[in-house]
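Summary of structural features
Here is what each chain is made of, one letter per residue.
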Amino acid sequence: MRKLNNVLIFLSSLTSVCFLVYNINIGAYDRILACLSIVFVFFIPRIINKIFKNKINDAMEFVYVVFIILAMFLGSVVNLYDGVWWYDLFTHFLSGILTSVFALVVMDWFGVYKEKNKAFNALFMICFTLAVACLWEFLEFASFVFLGMDVQHHLTTGVFDTMEDMLVAFVGGIIVCVSYLLESKVSKNGFVKKVVSNLK
């Protein structure tokens, strides 16, 4: 799994450098930051592991790398966000699913996950998903204020794009929470729990 992660990171980073050169040549300077930052973003899990002593395993890193390829590489570098109308909604919906699952992993890390306390677990999943979605929108707003990059489409849609992004992330989180609650009544080893156990 680690070799696969390394290959995905290398190929995506190399392609991003190619897009960087292309964007400079055509004068698309607003795309340069996305091409440069993705290399750093890929290595965030390994930086976290250095700080917190191997909290993120290879399976979790794989999920993260695939999401970054979908959200940052295909979305921002290849620019599917502007080329495909539904792609932004898709990535935010997917982020809601992934962050709600990751919320259970975080609870386990801090030793607060209780199997019998399903209502609290589900509430934490939703709150965690919304917090991540909100933080992402903060970062997008900061890129507009400090770099002039209108990734929130503030100038054309006002708050509509921001609220739409947060709502689809919320829906993704709700779907995972409902699945978690329903499967807990049916089986002790449901799909969500199996995914979480593989990410620990």
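What this report covers is the structure whose coordinates are included nearby.

Calculation notes
Residues numbered from 1 in each chain as written. Predicted model: local features only at pLDDT ≥ 70, side-chain atom pairs only at ≥ 80, totals over all residues. Heavy atoms only, no water. Phe/Tyr/Trp six-rings, centres within 6.5 Å; stacked < 30°, edge-to-face > 60°. Buried < 20%, exposed > 50% of the residue type's maximum accessible area, 1.4 Å probe, protein only. Helix = DSSP H or I, 4+ residues; strand = E, 2+ residues; numbered from the N terminus. Patch = residues over 30% accessible without salt bridge, like charges linked within 9 Å, V, L, I, M, F, W, Y side chains within 5 Å. Areas by Shrake-Rupley, 256 points an atom, 1.4 Å probe, with all protein chains shown as cover. Salt bridge = Lys/Arg side-chain N within 4 Å of Asp/Glu carboxyl O. Axes fitted to C-alpha atoms, helices over the stretch in contact; angles between N-to-C directions. Parallel < 35°, antiparallel > 145°, perpendicular 65-115°, else oblique. Left-handed = near helix turned anticlockwise from the far one by under 90°. Contact = heavy atoms within 4.5 Å. Nonpolar A, V, L, I, M, F, W, Y, C, P; charged D, E, K, R; others polar. 1 Å grid on protein atoms, 1.4 Å probe; cavity = no way out; pocket = protein on both sides within 12 Å on 5 of 7 lines; lining within 4 Å. Points joined across faces, edges and corners; volume = space filled by probe spheres on them.

What follows deals with the packing of aromatic side chains. Counted under the stated rule, the structure contains 8 aromatic pairs. Ring centres of Trp86 and Phe90 lie 6.3 Å apart, and the angle between their planes is 85°; this geometry places the pair in the edge-to-face category. Among the residues examined, Trp86 registers a relative accessible area of 43% and is labelled partly exposed. Judged by relative accessible area, Phe90 falls into the partly exposed class, the value being 33%. Taking the centre distance of 5.9 Å and the plane angle of 25° together, the rings of Phe124 and Phe128 count as stacked. Taken together, the residues Phe124 and Phe128, both in helix H7 (residues 118-147) and 4 residues apart, mark about one turn of the helix. Every member of this aromatic cluster is reached through a ring pair, and the members are Tyr81, Trp86, Tyr87 and Phe90.

Take a nonpolar patch on the surface next. A contiguous nonpolar surface patch, about 830 Å² in accessible area, is contributed by Leu130, Val159, Met163, Leu167, Phe170, Val171, Ile174, Ile175, Val178 and Leu182. With respect to the secondary-structure elements, Phe170 resides in helix H9 (residues 160-186).

Here the focus is the packing of helix H4 (residues 58-77) against helix H6 (residues 87-109). One way to put it is that H4 packs onto H6 with a least axis distance of 11 Å and a crossing angle of 155°. As judged from the angle between their axes, H4 and H6 are roughly antiparallel. Viewed along their axes, H4 and H6 form a crossing whose handedness is left-handed. Here Met60, Val63, Phe67, Leu70, Ala71, Leu74 and Gly75 of H4 come into contact with H6, specifically with Tyr87, Thr91, Leu94, Ser95, Leu98, Phe102, Val105 and Trp109. Residues of the contact of H4 with H6, tallied by class, amount to 12 nonpolar, 3 polar and no charged.

Here the structure, examined in full by the defined rule, presents 3 salt bridges. Residue Arg2 is joined to Asp58 by a salt bridge in which the shortest nitrogen-to-oxygen separation is 3.0 Å. Residue Arg2 is found in helix H1 (residues 2-26), and its partner Asp58 is found in helix H4; the two are separated by 56 residues along the sequence. According to the relative accessible area criterion, Arg2 is partly exposed, its value standing at 36%. Residue Glu61 is joined to Arg2 by a salt bridge in which the shortest nitrogen-to-oxygen separation is 3.6 Å.

A volume near 190 Å³ is recorded for the second largest pocket. For the second largest pocket, the full set of lining residues is Ile48, Phe52, Lys55, Ile56, Phe102, Val106, Trp109 and Phe110. Among the elements of the structure, helix H3 (44-52) and H6 are those that each provide at least two residues to the lining of the second largest pocket. Ranked by residue count, the leading element in the lining of the second largest pocket is H6, at 3 residues. Residues of the lining of the second largest pocket, tallied by class, amount to 7 nonpolar, no polar and 1 charged.

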